[in-house]
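For reference, the chains in residue letters:
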Amino acid sequence: MRVDPANSRPSRGAGVLGSYLAHVLVRGGNDVTALARGRRTEELERDGIVIRHHIQRKTTVDRTHVIESLAENDTYDLIFVVMKYTDFPAILPILAKNRSRNILLVGKNTDADQME
């Protein structure tokens, strides 16, 4: 898959934080692609990103493109990688091979020295 639209923003990590980030980006008018695996891929394709906003007492559903892997020739304007820093080593070699130029790592307790 190759994506080149001007507002393409993939979000890697379709958990709570990644899903909320995708929600905000979609609501801002961006074309969002979520990378998910296994059962989460099926859920996103079938139901979209469902967020229950407890304080506002509402539920939102956002549709995104869904992929299960990031190919070397996939091109995105910006990639958000949202995951625990201990999971970064598994994704860094894949990101290094990808042709996208802008990648933002979002995680807890990151250790830049270990990720070099």
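Up top is the structure these notes are about.
Conventions we followed
Residues numbered from 1 in each chain as written. Predicted model: local features only at pLDDT ≥ 70, side-chain atom pairs only at ≥ 80, totals over all residues. Heavy atoms only, no water. Helix = DSSP H or I, 4+ residues; strand = E, 2+ residues; numbered from the N terminus. Buried < 20%, exposed > 50% of the residue type's maximum accessible area, 1.4 Å probe, protein only. Contact = heavy atoms within 4.5 Å. Core = buried A, V, L, I, M, F, W, Y, C linked by side-chain atoms within 4.5 Å. Salt bridge = Lys/Arg side-chain N within 4 Å of Asp/Glu carboxyl O. Polar contact = N/O pair within 3.5 Å; in protein donor to acceptor, adjacent residues only side chain to side chain.

1. Concerning the overall build of the chain
Right, so step 1: For the chain, the count of helices and strands is 4 helices and 7 strands.
Right, so step 2: Seen in sequence order, the chain has helices and strands lined up from the N terminus as β-α-β-α-β-β-β-β-α-β-α.
Right, so step 3: Going through the 116 residues of the chain one by one, you find that 38% of them count as buried.
Right, so step 4: Sequence separation of at least 24 residues holds for 61% of the intrachain contacts in the chain that already meet a minimum separation of 6.

2. A short note on the nonpolar core
Right, so step 1: Among the nonpolar cores identified, the biggest contains 11 residues, and these are Ala-22, Leu-25, Val-32, Ala-34, Ala-36, Leu-44, Ile-49, Ile-51, Val-66, Phe-80 and Val-82.
Right, so step 2: Those elements giving two or more residues to this core turn out to be helix 1 (16-27), strand 2 (31-35), strand 3 (49-53) and strand 6 (79-82).
Right, so step 3: Formed by 10 residues, the second largest nonpolar core is a distinct cluster that contains Tyr-76, Ile-79, Phe-88 and Ile-91.

3. Remarks on the pattern of salt bridges
Right, so step 1: As enumerated under the stated definition, the model contains 5 salt bridges in all.
Right, so step 2: A salt bridge links Asp-62 to Arg-27, with the nearest nitrogen and oxygen atoms 2.7 Å apart. Of this pair, Asp-62 sits in strand 4 (residues 58-62) while Arg-27 sits in helix 1, and the two are 35 residues apart along the sequence.
Right, so step 3: Classification of Asp-62 as buried rests on a relative accessible area of 3%.
Right, so step 4: Taking the shortest distance from any N to any O, the salt bridge between Lys-84 and Asp-87 comes out at 4.0 Å.
Right, so step 5: Classification of Asp-87 as partly exposed rests on a relative accessible area of 32%.
Right, so step 6: A single salt-bridge network, built from bridges that share partners, covers Arg-39, Arg-40 and Glu-43.

4. Examining unusual backbone geometry
Right, so step 1: Even without glycine at this site, Arg-57 takes up a positive phi of about 55 degrees.
Right, so step 2: With respect to the secondary-structure elements, Arg-57 resides in the loop between strand 3 and strand 4.

5. Some details on the side chain of Thr-75
Right, so step 1: Here Thr-75 lies in the loop between strand 5 (65-67) and strand 6.
Right, so step 2: At 3.3 Å, the side chain of Thr-75 forms a polar contact with the side chain of Arg-99.

6. What to know about the environment of Val-66
Right, so step 1: Structurally, Val-66 can be placed in strand 5.
Right, so step 2: Look at Val-66 and you get buried, because its relative accessible area is 17%.
Right, so step 3: Spatially, the C-alpha atom of Val-66 lies 5.5 Å from that of Thr-33, the residues being 33 residues apart in sequence.

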